[in-house]
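# Close look at the chain arrangement
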Amino acid sequence: MVIENYFDHAYILRYQKIIHNQEQKQKIDKVLQKNILKLNLLFKGFSGIDHPQQLTNTQKDINGLVSECLKIVEILDEGGTLNEVKPVNMPDQELITEVIVHEVDDYTGSIPEIREMAPKIGDLELLASKIAGIISPNLENPVLDRDKYLQTINFYIKQSETLFARINEIENKISYDINKNVVSLNNASINIINRYNNIKYLILFVFNLLAIVVTYYIIVQIKKVILTRRRAEESNEKLLQAVEQSPMSIMITDTKGNVEYVNKGFEEISGYDKSEVLNKSIDSFHSNGNSSPGFWNTIQAGRIWTGEINNKKKDGELYWEKVLISPVLSKSKAISSFIAIKEDITEKRTLTLSLEESIDSMKTIIDNLPVGILIVNNSKEIIQANDRAAKIMGYKSPKEVLDAGKIQDYGEMFVTEKEEHISDPATRIVISVLEEQLIVQKNNISRSILKNIIPIRLNNEDVYLEAFMDISAQKEIQKREAESNKAKSEFLANMSHEIRTPMNGIIGATELLGNTTLSKEQNNIVSIIGRSCENLLNIINDILDFSKIEAGKMKIEPYPFNFRSTIDYLMDQMSFKTNEKGIELISSVEQTIPNILIGDESRLIQVLVNLLGNSVKFTSEGEVVLKVEVSKQIGSQITLHFAVEDSGIGIPKDKLEKIFESFTQADGSTTRKYGGTGLGTSISKMLIELMGGKIWVESPNPNFAWSKESPGSIFHFILPFDIDKNQESNELQEGRFKGIKTLVVDNHKTNLLLLKKTLNNWGIVSQSCQDEKSAMEIVREKEDLQLIMIDSHVFSKLEVDFVATLKEVNKNLKVILFTSDVRWKQDYGYKSIDRVIQKPIKHNELFEAVKELFLPDDSSGESGGSQQLSFEEKIKNKIILLVEDNIINQKIAEKMLDKIGLKIAIASNGKEAVDLVSGGDITFDLILMDVQMPIMNGLDATRELRANRFDIPIIAMTANAMKGDREVCIEAGMNDYIGKPVKLDDLARLLDKWL
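Treat the numbers as computed from the prediction; the structure is a model and nothing was measured.

## Focus on the sheet that holds strand E8 (residues 372-376)
The six strands lie next to each other as E9-E8-E13-E12-E11-E10, forming an open sheet whose pairing is antiparallel. What marks the edges here is a single partner per strand, and that holds for strand E9 (382-385) and strand E10 (414-423). Averaged over all pairs of adjacent strands, the angle between strand axes in this sheet comes to 25°, irrespective of strand direction. Pairing of strand E12 (residues 445-458) with strand E13 (residues 461-470), which is carried by ten bridges, proceeds in the antiparallel orientation. Within the sheet, the bridge partner assigned to isoleucine 449 lies in E13 and is aspartate 470. Sitting on the sheet, helix H11 (residues 398-407) is in contact with E8 and E9, with an inclination near 165° to E9.

Next comes the structure, spelled out in C-alpha cells:
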C-alpha cells in the first residue's frame, strides 16, 4: 500500500497533473483559434461597413480581440489563468465563466512558434487601423471614385488574408505540438504503469520475506520499550532544563492570570526571584498596572496573542517586551493554563525611534540641498519638490511647483537634449543622466539643467527621484570653448597647408636628387634630409589630429573593408623598420573573424600604425606581435580584441596611468633616448573611444617579465564592427589542405606557435623542430612528409645545400622559405626552394603559395584572362595638365612627371586650367589639381569643368591633408586625392590607376 501510494504520488498523479495542464493548454489554444476566426470575419466585414458607428464597433471588437489574443499567447508561453465565458442552457443563468489555468512545466517546455504569434497579431491591429483610416473619411464625405476606394479596401483586406494565413499556419503548428505533447504524456504514463505492475509482484515477494524479519525485529524491540520509556523521561527532563535555561523569558499562568512558573530568563530580565512572583497576578508587572482588554479576550477565546507590552522591572525600570501568549489545552480540549514567551525588545525599539528621527533629518537635508529634487510618479506627475527645485523653476514654494505640474505638461517643461544610462552592477539600479532644457512658461524661464534620475520605492509605489542643477553658465562657457577650438582648428589647418607646401618642394627635390648619381656621402645626406622631413611630417599630422579631436571635429566614417588585407598591408608597411632593426614582426588573426567588416578602416590603420610604430621604436631585439581575436559576437555585430605585444624596454609602473596623456612619454627627461611628440598613444586612445572601443596597457609583457632590461609591454584595445552580410565565405577557413603533412623548421617560439595554429585551422597536419639536424632526421624518418616550411635564420650560412639534400631524401618534398633578406628573392629555383615568402608572413600569401603547390588546378583559373598593359605602355604619349600656383612645387612636380615619362602642361590657377581645357587646342588625359589657388581655386575649377561635361580624370594634389578634405574634393567632382608632400612612388601608383 505504501509503495503503491508513493507511486501514485510520484508518478501517476504527476503525469495526470501534467496531462491535465496540457489539456488546459489545448482549451486555451481553442479559445485562441476561435478569436482568430472572429478577427478574420471582422476583417472581411470591413468592405460592407456603411455607417460610422458600425466602423467604431468593428474597430473596438478588433482591438478587444487582439488584446485578448495577445494575453492568450502570453499565457500559452509563460503560463497563467484565462477566464472563458460560455453560453449554457440553464433556467437561472445564460452564461458561465470557465477558469482555465495553465502552468509552464519542465517536461514539455515552451513551443517556439508561440513567440512568433504576438508580432503577427499586433500587425493585425495596425492593419485594422489603416483600413479604418481609409473608411472613416469616406463615411463622412463619400469619395467620387468609389471603385478606387473599394479597390484600396480590398487590397488591405487581401493583406489581412495573407497575414491570417500565416497566423493560422503558426496556430496549426502550436495545436499540433500541444496534441503531440498530450499523446506523448499518455504513452509515457502507460509505460510507467506497466513497469510498475512488473515491479509490484517482485516487491510483494520481498515484502513477505521482510515481514518475517520485521516480526522478529518487533519482538526484539518490545524488550527495548522499557529502556526507551526511561530515555523519554530523561528527554523530558532535558526539555525542562532547556526551558529553564532558555535566554527567552518564559512564564506559565493559570486561567486567572496567576503565575505558576517562570524560568531563569524571566529572573535575569525582570530582577525578580521565582518565590517573589509565584501565585501573583501578571498585572503587577505591567507598567500601568492594568492589562489590555484585548489581551484577555483573545487568549480566553483560545487564540494566540502576539504584541508588545511595556513592563516594569523589580527596580522600577520600564522595558519593552515582544510577547507571544498561547493557551494550553487539556485532554478534554479545555484551557488549563497559559504560556507566555517573551523577548526584551527595548534596544530594538530605541533603534526604530532613532531610525525615524534619521528619516526626519534626511528630509530636512533634502529640503536644504543645493540641487533641485523632484519626486515624479510613472505618469510623469510631480508629487514632491524641495525648495531649491522651486527656486530654479522660478517659484516661491514647492507647493507652487506641484500646482504648476498640473497646468504645464512635464514633457513641455523638461525637454531632453542628451541622455545616457549608467548601470550600477552592485545594486543593478539604472541611473539616467540627462541634459535638458527647463522651460517654465508661466515664469518666462528657459535654463539648461543637468539631471540624474534614480528609480526608488516610496510608500509602496515605484517613483523616480530627479536631482537637477542649473548649468546655463557652464553651457555658455562650453559654447565659447567650442568657438575657440574651431578657430584653433582653422588656424592649424592653414598652418598645415603653409608648412606642407614648402615641404612638398623639399621632399620632392630630395627624392628626385636621390634618384640621380650621387657619392656615398651625398646619398647619406639626402637620406638624412628625407628622414627628417618624414619625422616633421609625422609630428604635423599628430598635432593636426590631436587638435581636430579636441575640437570635436573628428568624424568616424564606417564603410566595408577587407580586414585581412588591411592587416597584411600593415605588416608590409611596418616590415621595413623591423627588417632594419632585425626584429621579428608577427601577426595572428583568429580564423573565425569574417573577411569583410564595416568600420573606419583609415582610423583603425592609424591606431595600429601608432601602436606598432611605438613597439618597433622601443624594441631593439626580439619580437613585435599583433594578435586579433573575437571578444564577443551578437548577430551581425562583432567586437574584436587587438593586442600589440613587444619585447621592448617596457613601461615603468608609475607611468602606466599617464601613458595615454597628451604630450607624455614614458621617458620625458632631457636625456631621453627616443624621440616623438608623445601624442601617438593619446590620439590612439581618443580615436578608439570615438569608435566605441576601449584601450589599456600592461607592462611587463608576461612572456618577457623575467628580463629587467627588456620586460616588454602589451597594448590592448577592443573595437566594435558590423559584419557585411553580403560577403562571400572565408576561403581561409576551408579545409582544402586536409591531410597535407608538413614540417615547420623555426627556432622562434612565438612565430612557431602562431604558424602551427594557422596550419591546423587549414587542416594541415604539422610538426616542428628548431634546427637543420633535427629537420633532416624527421625527413629521413617520415617518408610521407609532403611540405617543409623553413625560416632562413635557422641556417648557419646562406648556402642551401641542406635543402637540396632534403629533396634527395624525399623527391616529392615541397619547400617554402620565410625570409626578410632580399637576396633570397633574386633566384631560388636552382637552390631547390619552391617558394620564397617575404617576412612578416601574410596568411593570404602563404595560403596562395600552398594552394599553387598542391592545388594547381584551383590556381590556374585565377591567373588566366587577358594580358594587362605595362605602366610604360599605359602612359605612352599621355599629356598631364598640372594646375599649381607655387613655382617651386611646379618645378618639382614637372621633374617627377618627366622622370615617370609623361608630357605636361602647367596652369597657375583654376581659371587658366578651365581655359586650357575648354580651348580644345590640347587634349589632356589627366589633371593634377591644387585646391588653394588665387583667382579661382581647384574646387571651383573642377565644378566648372564638370558642369561643362568634361569627364577628364581630376586628381587633387593639395597640402590640405586633414581628414575630411578628401571628401570635399570628391564631392566637388574630383576622382581621387593625393596629399602633399607628394612621393614619386605614390604619384606613379595613382597615375597607373587612372591612365
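Moving on, there is more to tell.
## Some details on the pairing of strand E27 (residues 903-907)
Two elements, strand E26 (residues 879-883) and E27, share five bridges in a ladder whose sense is parallel. What sits directly across from leucine 881, in E27, is alanine 905. Considered for its hand, the β-α-β crossover made up of E26, helix H25 (residues 887-900) and E27 is right-handed.

## Remarks on the sheet that holds strand E7 (residues 335-344)
Overall, antiparallel pairing links the five strands, which are arranged E4-E3-E7-E6-E5 in an open sheet. If you trace the sheet from one side to the other, it starts and ends with strand E4 (259-262) and strand E5 (305-312), each paired once. Ignoring strand direction, the axes of neighbouring strands in this sheet form an average angle of 30°. In this sheet, strand E6 (residues 318-329) lies alongside E5 in antiparallel orientation, the contact comprising eight bridges. Note on E6: the bridge partner recorded for glutamate 308 is lysine 322.

## Notes on the packing of aromatic side chains
Tallying each qualifying case throughout the model produces 13 aromatic pairs. Pairing phenylalanine 155 with tyrosine 156 gives two aromatic rings, centres 5.4 Å apart and planes at 70°, and the pair type is edge-to-face. Judged by its relative accessible area of 47%, phenylalanine 155 is partly exposed. Classification of tyrosine 156 by relative accessible area gives buried; the value is 18%.

## Thoughts on the environment of glutamate 125
Mapping glutamate 125 onto the fold places it in helix H3 (residues 112-140). We classify glutamate 125 as partly exposed; its relative accessible area is 29%. The spatial distance from the C-alpha of glutamate 125 to the C-alpha of asparagine 63 is 6.5 Å, given a sequence separation of 62 residues.

## Here we look at the environment of tyrosine 464
Tracing the chain through its elements places tyrosine 464 in strand E13. Residue tyrosine 464 is classed as partly exposed on the basis of its relative accessible area of 30%. Linking tyrosine 464 and isoleucine 453, residues eleven residues apart in sequence, is a C-alpha distance of 6.3 Å. Tyrosine 464 has contacts with Leu374, Ile375, Val376, Asn377, Asn378, Ile453, Ile454 and Pro455, leaving out every residue within four places of it along the chain.

## Things to note about the pairing of strand E21 (residues 741-745)
When a strand is regular, its side chains alternate between the sheet's two faces. Of all five residues in E21, four are buried; the element is thus mostly enclosed. Relative to strand E22 (residues 765-769), E21 runs parallel, the two being bridged by five bridges. If you follow lysine 741 over to E22, its bridge partner there is valine 765. What joins E21 to E22 is helix H18 (residues 749-761), and the crossover it makes is right-handed. In this structure, E21 lies alongside strand E23 (residues 787-791), joined through four bridges in parallel fashion. Paired with leucine 743 across the strands is isoleucine 788, a residue of E23.

## Points about helix H15 (residues 563-581)
A rise of 1.5 Å per residue sets the reference length of H15, with its 19 residues, at 27 Å; its end C-alpha atoms lie 27 Å apart and thus fit the reference within 8%. The sharpest bend along H15 comes to roughly 40°, located at serine 575. Along H15, the residues that are buried comprise Phe563, Arg564, Thr566, Ile567, Asp568, Leu570, Met571, Met574, Ser575 and Thr578. Put simply, asparagine 562 is the residue that caps the front of H15, since its side-chain oxygen is 3.2 Å from the backbone nitrogen of arginine 564. The positive-phi residue at the C-terminal boundary of H15 is glycine 582, with phi of around 70°.

## Some words on the UniProt feature "domain: PAS" (unreviewed entry) in the protein chain
When the UniProt feature table is mapped to this numbering, "domain: PAS" (unreviewed entry) covers residues 235-288 and 358-395. Along residues 358-395, the helical share is 42% and the strand share 24%, with 29 Å between the first and last C-alpha atoms.

## Focus: the packing of helix H26 (residues 910-919) against helix H27 (residues 938-947)
The geometry of H26 relative to H27 is characterised by a closest axis approach of 8 Å and an angle of 20° between their N-to-C directions. It follows from the interaxial angle that H26 and H27 lie roughly parallel. Remark: the crossing between H26 and H27 carries right-handed chirality. On H27, the residues that touch Gly910, Val914 and Val917 of H26 are Ala941, Glu944 and Leu945.

Calculation criteria
Residue numbers here run from 1 along each chain, matching the order of that chain's written sequence. Reporting of local features is limited, given that this is a predicted model, to residues whose pLDDT is at least 70; pairs of side-chain atoms are given and counted only at 80 or more, and all residues count toward the totals for whole chains, interfaces and linings. The side-chain values count all of the structure's non-hydrogen atoms but skip hydrogen atoms and water molecules. By the convention used here, strands pair only if DSSP detects at least 2 bridges between them. Under the scheme used here, helices are H or I runs from DSSP no shorter than 4 residues and strands are E runs no shorter than 2 residues, and both carry numbers assigned from the N terminus. Inter-axis angles, ranging from 0 to 180 degrees, are taken between N-to-C directions of lines fitted to C-alpha atoms, where helices are fitted over the stretch in contact. Only heavy atoms matter for contacts: two residues are in contact if any of them lie within 4.5 Å across the pair. Here, the term right-handed applies to a crossover whose path from the first strand over the helix to the second runs clockwise when the strands point away from the viewer. Working definition: a ring pair exists when centres of Phe, Tyr or Trp rings (six-membered ring for Trp) sit within 6.5 Å. Plane angles under 30 degrees give stacked, over 60 give edge-to-face, the rest tilted. Each residue is placed in one exposure class: buried if its accessible area under a 1.4 Å probe, protein chains only, is under 20% of its type's maximum, exposed if it is over 50%, and partly exposed if it falls in between. Helices are assigned an expected span. That span is 1.5 Å times one less than the residue count. The reported bend at a residue is simply the angle between two axes, fitted to the 7 residues ending at it and to the 7 residues beginning with it. Polar contact is defined as a pair of N or O atoms within 3.5 Å, subject to the rule that within protein one atom must be able to donate a hydrogen and the other to accept it, and that residues adjacent in sequence are counted only when both atoms are side-chain atoms. UniProt positions are given in the numbering used here, feature names are shortened, and annotations may be inferred rather than shown by experiment. The scheme is simple: roughly parallel for angles under 35 degrees, roughly antiparallel for over 145, roughly perpendicular for 65 to 115, oblique for anything else. Crossings are classed by handedness, with left-handed meaning an anticlockwise turn of the near helix from the far one by less than a right angle and right-handed meaning a clockwise turn.

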